[in-house]
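Listed here are the chains, written in short residue letters.
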Amino acid sequence: MLRFEATQLILKHAGNRPIVANLGPTTDELWHAQHRDRNFYTYGNMGLCSSLALGMAVSTSEQVISLDGDGSLLMNLGTIATIGREQPKNLIVVVWDNEMWDQTGHQQSHTALGTDLEQVAKSCGITHTATVIDLEELETVFRTALEGDGPWFIVAKTEQSEYMPVSPIEPEMTLYRFRNSFSS
Ligand SMILES: Cc1ncc(C[n+]2csc(CCOP(=O)(O)OP(=O)(O)O)c2C)c(N)n1
Ligand SMILES: [Mg+2]
C-alpha cells in the first residue's frame, strides 16, 4: 500500500479530528493530501509523534489520530508502554511501517528483520491492535477504531514511494492554527 493513498483514506474518515503526523514524508504527504488546521506536523521532531498525540488525547475528549513511523517509534518504544499504561480511549495510533528509515536514505529498520510492533503494543497492554497490508484492510480497521473505544494501535505496512515536495511547514504557524482550532 502507498502511504499517500493510505493518508488520503485516513483523511476521508477522520472528519475534523486532530491528526499528529510523524516527521518527514508522513508530514509532507499529509500536507499534500489535505492541509488543515487540525494537522499537527512534527517536522524534525523524530520519535515524539505518538507521545504528543498521547498528551493531546489525555487533554481532550476528542479522538486523536497519530500517524507515526516505524523508525521513529523504534527510537521511542517507551511511548507504547505509556499508552498501554494510560489507556486513553480516544487515541488511535497508525504506524506507517515501511520497514525503513525512508527519509534518510531507505535504510532497513528493525521491522524488516523481525521486530513486530503490533506484538510490542499487545505486550504493553493495548488490546485493540491490528496489522494491515492493504487499503481495504486499513479502511475496515480504521472505521472500527473510530466507532469504539481505544486505545488502538494499527500497523499499516506501506511500500517505498517517491518523495513528495517538502511541505512549507512553519512550526509556529502549526501550533497557532492547531491551538485555535480547539478554542473555536
Ligand atoms: C533525533 C533524530 N535522529 C535522526 C533524525 C534523522 N531522521 C529524520 S527522518 C528519519 C527516519 C524516520 O523513519 P520513520 O519514522 O520510519 O519514517 P520514514 O522516513 O520511513 O517515513 C531520520 C533517521 C532526526 N530527525 N532526529
Ligand atoms: Mg519508516
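Residues numbered from 1 in each chain as written. Chains lettered and ligands numbered in written order. Predicted model: local features only at pLDDT ≥ 70, side-chain atom pairs only at ≥ 80, totals over all residues. Heavy atoms only, no water.

K.L.:
So what exactly am I meant to see when it comes to the packing of helix α3 (residues 49-57) against helix α5 (residues 78-86) here?
P.N.:
Any two packed helices are characterised by how steeply their axes cross, that is the angle between the axes, and by the distance between the axes. Relative to each other, α3 and α5 sit at 20°, their axes nearing to 9 Å. Relative to α5, the element α3 is oriented roughly parallel. Considering the relative orientation of α3 and α5, their crossing is left-handed. Where α3 approaches α5, its residues S50, S51 and L54 are matched on the opposing element by T79, T82, I83 and E86. (Axes fitted to C-alpha atoms, helices over the stretch in contact; angles between N-to-C directions. Helix = DSSP H or I, 4+ residues; strand = E, 2+ residues; numbered from the N terminus. Parallel < 35°, antiparallel > 145°, perpendicular 65-115°, else oblique. Left-handed = near helix turned anticlockwise from the far one by under 90°. Contact = heavy atoms within 4.5 Å.)

K.L.:
I tried to follow the coordination of the magnesium ion (ligand 2) on my own but got confused; where do I start?
P.N.:
Reference values for angles at a metal are 109.5 degrees in the four-donor tetrahedral case and 90 or 180 degrees in the six-donor octahedral case. Looking at the metal site, the magnesium ion (ligand 2) is ligated by D70 (OD), N98 (OD1) and M100 (O), spaced 2.1 Å from it. For the magnesium ion (ligand 2), the single-chain donor residues occur in sequence as D-x27-N-x1-M. Judged on exposure class, the residue N98 and its partner M100 are both buried. (Donors = N, O, S within 2.8 Å, 3.2 Å for Na, K, Ca; no water. Buried < 20%, exposed > 50% of the residue type's maximum accessible area, 1.4 Å probe, protein only.)

K.L.:
Sorry, what's going on with the packing of helix α1 (residues 3-14) against helix α2 (residues 25-33) here?
P.N.:
At their nearest, the axes of α1 and α2 sit 9 Å apart, and the two run at 55° to each other. Relative to α2, the element α1 is oriented oblique. Of the two possible hands of crossing, α1 and α2 adopt the one that is right-handed. Between α1, through R3, F4, T7, Q8 and L11, and α2, the contact on the second element is made entirely by P25, T26, E29, L30, H32 and A33.

K.L.:
Which parts of the structure should I look at to understand the site of ligand 1?
P.N.:
Looking at ligand 1, there are 17 residues lining it, with D70, G71, S72, M100 and Q103 nearest. Between ligand 1 and G71 there is a distance of 2.7 Å, counted from an oxygen atom to a backbone nitrogen or oxygen. Between ligand 1 and the protein, one listed contact pairs an oxygen atom with a backbone N or O atom of D102 at 3.0 Å. Against a free-state accessible area of 590 Å², the protein chains account for coverage of 74% of ligand 1. At the level of elements, α4 (70-75) and β5 (100-101) are the ones that each hand at least two residues to the shell around ligand 1. No other element matches the four residues that α4 contributes to the shell around ligand 1. (Near = heavy atom within 4 Å. Polar contact = N/O pair within 3.5 Å; in protein donor to acceptor, adjacent residues only side chain to side chain. Areas by Shrake-Rupley, 256 points an atom, 1.4 Å probe, with all protein chains shown as cover.)

K.L.:
Just checking my understanding: could you explain the environment of M75 for this structure?
P.N.:
Assignment of secondary structure puts M75 in helix α4. In this structure M75 comes out as exposed when scored by relative accessible area, which is 51%. Taking the C-alpha atoms as reference points, M75 and M46, separated by 29 residues in sequence, lie 8.0 Å from one another. With sequence-adjacent residues up to four places away left out, M75 is seen in contact with M46 and G47.

K.L.:
I would appreciate a short explanation of unusual backbone geometry in the present structure.
P.N.:
Excluding glycine, residues mostly carry a negative phi; peptide bonds, for their part, are mostly trans. Residues G150 and P151 are joined by a peptide bond in cis, for which omega reads 5°. Here P151 is to be found in the loop between α7 (135-147) and β8 (152-157). Of note, the phi angle at Q87 is positive, near 50°, even though the residue is not glycine. Summarising the element assignment, Q87 is placed in the loop between α5 and β4 (91-97). Of note, H106 is a non-glycine position whose phi angle comes to about 65°, a positive value. Mapping H106 onto the fold places it in the loop between β5 and β6 (107-108). For H106, a relative accessible area of 32% puts it in the partly exposed group.

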